[in-house]
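Okay, here's what each chain looks like letter by letter:
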Amino acid sequence: MQIVTADRPVDRPDPARRARRRPTPGLALGGLAVAAVALLPLAYLLVRSSEVGLDRALDIATSERVRGLLWRTGLLAVSVTVAAAAIAVPVAWITVRTDLPLRRFWVVATALPLAIPTYVGGYAFVGALGPRGILQGWLEPLGVESLPSLYGFWGAWLVLTLFTYPYVLLTVRSAVRGLDPSLEEASRTLGQGRWTTLRRVVLPQLRPSILAGSLLVGLYTLSDFGAVSLLRFDSFTRAIFVQYRASLDRSTAAVLGLVLVAVTLVVLGGEFAARRSGSYHRLHASGARAAPVIALGRWRWPTFGLLCALLTVALIIPLAVVGTWFLRGLDAGEPIRLTATLAGNSLRAATLGALASVAAAWPVALLAVRRGGRLGRLVEGACWVGHSLPGVVVALALVFFGARVAPSIYQTHWLLTLAYVVLFLPQALGAIRSSLLQISPSLEEASRLLGRGSLATTFRVVIPLARPGLLAGGSLVFLTCMKELPATLLLAPTGYPTLATQVWSSTSEAFFARAALPALALVLLSSIPMAILVLREPDR
Amino acid sequence: MLNGTVGAIEVAGLHKRFGRAPVLQGIELRVAEGAILALLGPSGCGKTTLLRTLAGLERADAGTVSIGGRPVVGPGLDVPPERRRVGLVFQDWALFPHLDVAGNVGYGLPRKERTADRIEAALELVGLGGMARRQPGTLSGGQQQRVALARAIAPEPSVLLLDEPFSNLDTTLRAEVRTELHHLLVELGVTAVFVTHDQEEAFVLGDEVAVMLAGEIVQQAPPADLYAHPATPWVAEFIGDANLLPAEAAGGSAATAVGEVTLVAGGSGPTTVLLRPEDLRLSAGGDATVELTEYFGHDTMYLVRTVDGTVVRVRAGAAPTHRRGDHVTVRYDGPAAISYTSEARSAETPPTAAPTLASR
């Protein structure tokens, strides 16, 4: 049989491609300035490392100490990532697709551990199980003098896994919601059972989201400073910090920082390659039909029990421990007024960071969305470079920069705000970008034809319409700045403690009661926007 | 063509409800071995649900289904889809985006039979030879549909189900793809059931057409029988242009707005008579008026208002010879007409899809 058909490729209009014009000089300059700021830490780190000479730098980078650090940090990143994915993927699927009891509650509850900064998690862990911790206190009358040490690899692994798995959960869950149920049905009609379908159709579909979520966890683990240093795990970030604080040889710290940046780039590159080879897009927009609810049957309550266990370990116990220390602190007369000052400091620093990030993201988003082209991609890419750098490294680079090149802003809010912009600008960028994409270019064109100039159009049409994105981006950066630890620790003006630095320093010195109220305040301030974010997810 | 057994489908007393809303209400259906059945109905009539129930993707509340003589649905019985040997071509084709064309087509084959030859043979069958390594996203709509078809027939199912097989194609492509599919189904000799809301598709492809309304099969018959003898006025209107004229029956004929018409079944009293537009003739002069002329190329449709105000549709197989405002005479020149008692007419809700002026 001969089949001849005139086939035409399915073409889809690209709304962003419309109205692409050359950028105005002002916009181009603004974007380039932001890109320069984003690249500043990396550039300065290179300059500073080169001062020791290439031979010496290579010696440091290949020394046994660095190799050990690489091995330990890499092992931790891989183990945390694997464990986080192993928890998050089943939880994501169960909370979307099944008849789990109280499913709506679990959708929110399983994501909440993300509101607990890892150093607060580390604090809860040490405060419960460490020397002078709660458990030790209970056991002492029974004659137990010391507990097996929780410090080191396994402590860091547990804490980082419990408080970062929501990164994978959130990305995979949105992918599960987007699964086209007819693909699973097609597999069934082709003679494959439930489990085979899960393996051959569902998991391959989820692969990009699992990779994306795992990347977030992996990069986070590489850059985490608070939890690893509280749990005294000798990772790269801690080594850099100690090197910087303990010796005058700051160039060595700079070289270590560069090595960590290299590791980060390798991870990013690997993910990029994996994503390219596995790139596939949805062939059709999903039909109106919702995915059928899968009955768990006799596994319904055991599954419920497992989720209860997860919630207990990742949320209830940490909060209970912090709460216990808070009550003990009240008994011992810990000053509450101090926490109010700390909260004020945190709020002020985070507000500055959020405003500056939104202001910096605006020209970049405009360039990327409205003008497109090579310049837009270049500027946007530069912003992401800053974001992928570990906080310790950015802070270190800015310390060098401030002390040597710009002493007038060293030890001021300016430098700290600059660090926040470098680290978190892409969070604002993402939100602003997507809200700009939703504004039809013809609205701007209409405004211009009605006699408003470019600037007037921006203020009277574009900004009002992009407001949801500006607000969302701003609050996201605000939240992240509140929780940020290493850059705040290194760059905050002298005598300017924040909630985050207070939790960290009190815990490092085992003043658990002193850390309790700041930690509670942090979790509370972070969990409100978190809950709103999760509740806004679509249901199934 | 297919080596596997080709099976008949038998459905009896099938019921299904979604929550409170009944979707299937006692479906009775029989498809002979190797026959092609069109399930025709307006949207929301339950035809897709029926198809999915046959495939095992929906669970029936009551009734029985057997495929190839083997019961698959019955009291305490619901064979899972993977063990029904039913091929289904989805409305959106549901190609696996993570697999290439060969991966899609070979998906349902047992591991041992999943060979390049076997897959290529299935692709040749649908005219896609040499496309095995392409990604589904790079194919055109028509090609994607053929991959979906090859995937469904590769495991040699005993029946093939197709859900709105042409709805995702450009209108310009449809007629062409329809003929190809027709060729292929005939060549395969497979028992096939396809769902459509398009009367033309149902008539062209179906050996038999089952008309569905509100969860029931209203009538199942070969297309020509269906067209000539629709069971209800609603069916008559749904499957083609129809003039349903109020009439007064007396003996073997009835008096209508277009004159005396011979009836198939005699009777007396008020009735409704079905007159197809192509059975009406126009001649110049008279007391009816041409209100609109619609020229289609192969024929012309006239909307004519008779002296008592009834509007009738008249089809003539030529270029327009009467113009708007012309005075004409309409007369019936067809076989003995079907009539419906007024109870039968009021029992059915007229479809919104195909109203005719004559029914107002």
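Quick caveat: nothing in here was measured; it's all calculated off a predicted structure.

Chemist: Could you clarify how one ought to interpret the overall build of chain A in this entry?
Modeler: Helix and strand counts for chain A come out as 22 helices and 0 strands. When the 540 residues of chain A are sorted by exposure, 45% land in the buried category. Contacts in chain A between residues at least 24 apart in sequence constitute 83% of all its contacts with a sequence separation of at least 6.

Chemist: Hey, could you run me through the confidence of the model for chain A in this one?
Modeler: Do not read the fine detail of predicted coordinates wherever pLDDT is low. Of the residues in chain A, 90% have a pLDDT of 70 or more, and the chain-wide mean is 83. Note that residues 1-20 of chain A has pLDDT below 50 and, in this model, 26 contacts with residues that lie over four places away or in other chains.

Chemist: Looking at this structure, how should I read helix 7 (residues 153-178) of chain A?
Modeler: Since one α-helical turn is 3.6 residues long, residues separated by three or four positions face the same way. All names here are of chain A. Taking 1.5 Å of rise per residue, 26 residues should cover 38 Å, and helix 7 covers 37 Å from first to last C-alpha, within 8% of that figure. Approximately 40 degrees is the largest bend angle found in helix 7, and it occurs at Leu162, with the proline Pro166 only one to four residues beyond. In terms of burial, helix 7 is a largely internal element, 19 of the 26 residues being buried.

Chemist: I would appreciate a short explanation of the sheet that holds strand 6 (residues 77-78) of chain B in the present structure.
Modeler: Think of a sheet as strands paired side by side through backbone hydrogen bonds, with each pair either parallel or antiparallel. Residue and element names in this part refer to chain B. Strand order in this open sheet of 5 strands is 2-1-4-5-6, and the pairing throughout is antiparallel. With partners counted over all chains shown, the strands left at the sheet margins are strand 2 (21-31) and strand 6, one partner each. In this sheet, strand 4 (residues 62-67) lies alongside strand 1 (residues 9-18) in antiparallel orientation, the contact comprising 5 bridges. Paired with Ile9 across the two strands is Ile67, which belongs to strand 4.

Chemist: Help me understand the nonpolar core in this model?
Modeler: Burial of nonpolar side chains together is a common tendency in soluble globular proteins. Residues Leu396 and Ala419 of chain A are the most contacted members of the largest nonpolar core, which totals 151 residues. Excluding residues that lie within four positions of it along the chain, Ala419 of chain A makes contacts with Val394, Ala395, Leu398, Ala487 and Leu491 of chain A. Of all hydrophobic cores here, the second largest spans 105 residues; its members include Leu88, Leu181, Ala202 and Val209 of chain B.

Chemist: Is there a simple way to think about the confidence of the model for chain B in this case?
Modeler: The share of residues in chain B with pLDDT of 70 or more is 93%, and the mean pLDDT across the chain is 86. Overall fold confidence for the complex sits at a pTM of 0.76, while the interface term, ipTM, reaches 0.71.

Chemist: Explain the packing of helix 1 (residues 25-50) of chain A against helix 16 (residues 391-404) of chain A here, please?
Modeler: Two quantities define a packed helix pair, namely the angle between the axes and the distance from one axis to the other. Residues and elements named next belong to chain A. Direction vectors running N to C along helix 1 and helix 16 enclose 65 degrees, while the axes themselves pass 9 Å from each other. Taken as axis vectors, helix 1 and helix 16 run roughly perpendicular relative to one another. For the element pair helix 1 and helix 16, the recorded crossing hand is left-handed. Of the residues in helix 16, those in contact with Leu40, Pro41, Tyr44, Leu45 and Arg48 of helix 1 are Val393, Val394, Ala397, Leu398, Phe400 and Phe401. Its residues assigned to classes, the contact of helix 1 with helix 16 comprises 10 nonpolar, no polar and 1 charged.

Calculation notes
Residues numbered from 1 in each chain as written. Chains lettered and ligands numbered in written order. Predicted model: local features only at pLDDT ≥ 70, side-chain atom pairs only at ≥ 80, totals over all residues. Helix = DSSP H or I, 4+ residues; strand = E, 2+ residues; numbered from the N terminus. Buried ≥ 20, exposed ≤ 12 C-beta atoms within 10 Å, placed from the backbone. Contact = placed C-beta atoms within 7 Å. pLDDT = per-residue confidence, 0-100. Expected span 1.5 Å × (residues − 1). Bend = angle between axes of the 7 residues up to and from the residue. Pairing = 2+ DSSP bridges. Core = buried A, V, L, I, M, F, W, Y, C linked by C-beta atoms within 7 Å. Axes fitted to C-alpha atoms, helices over the stretch in contact; angles between N-to-C directions. Parallel < 35°, antiparallel > 145°, perpendicular 65-115°, else oblique. Left-handed = near helix turned anticlockwise from the far one by under 90°. Nonpolar A, V, L, I, M, F, W, Y, C, P; charged D, E, K, R; others polar.

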